[in-house]
Amino acid sequence: TMAIFQAIRAARIVPGSSVACRLISTASVAAQAPAAASSMSQRKTALVGLEPLGKRNAGVSVLGCAIAMVAVGGCAQGIGQLFAALVVGMARNPSMKEDLFTYTLIGMGFLEFLAIVVILIAGLLLYSE
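**Remarks on the overall build of the protein chain**
Here's step 1: A tally of helices and strands in the protein chain yields four helices and zero strands.
Here's step 2: Each helix and strand of the protein chain, ordered N terminal to C terminal, gives the series α-α-α-α.
Here's step 3: Burial status across the protein chain gives 17% buried among its 129 residues.
Here's step 4: Restricting to contacts in the protein chain with at least 6 residues of sequence separation, those with at least 24 account for 63%.

**Re helix 4 (residues 97–127)**
Here's step 1: Between its terminal C-alpha atoms helix 4 stretches 45 Å, which fits the 45 Å expected from 31 residues at 1.5 Å a residue.
Here's step 2: Of all the positions in helix 4, only T104, G107, A115, V118 and A122 are classed as buried.
Here's step 3: Where helix 4 is buried, its residues contact helix 3 (58–92).

What counts and how
- Residues numbered from 1 in each chain as written.
- Predicted model: local features only at pLDDT ≥ 70, side-chain atom pairs only at ≥ 80, totals over all residues.
- Heavy atoms only, no water.
- Helix = DSSP H or I, 4+ residues; strand = E, 2+ residues; numbered from the N terminus.
- Buried < 20%, exposed > 50% of the residue type's maximum accessible area, 1.4 Å probe, protein only.
- Contact = heavy atoms within 4.5 Å.
- Expected span 1.5 Å × (residues − 1).

Put into structure tokens, the structure is as follows:
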């Protein structure tokens, strides 16, 4: 089965090769191995300058995204404290209920904006290279 995989890989490296047309046997695969290696080196020299600038470290981007998402928890905690302060403020001065609620909604809007910005930055960190 390993010989089959080697023949398939050799056929994919050299697009017009005759490996795909031959019967797959260990002798034909062994004969094609040096040719596949030389065609691979020719292909590498043809693609000079087209390689990516650096190795992508996927773990680092996921870690950066997770650290950025901690701020969303901070926004949720801020919204909780905002409404707790609203309840305390209403209990102390019920006549200012409408004004306190308006201020609470304005503060909640700022916190939601911060949460959306944090989510956008986390997505940027996750999908950037």
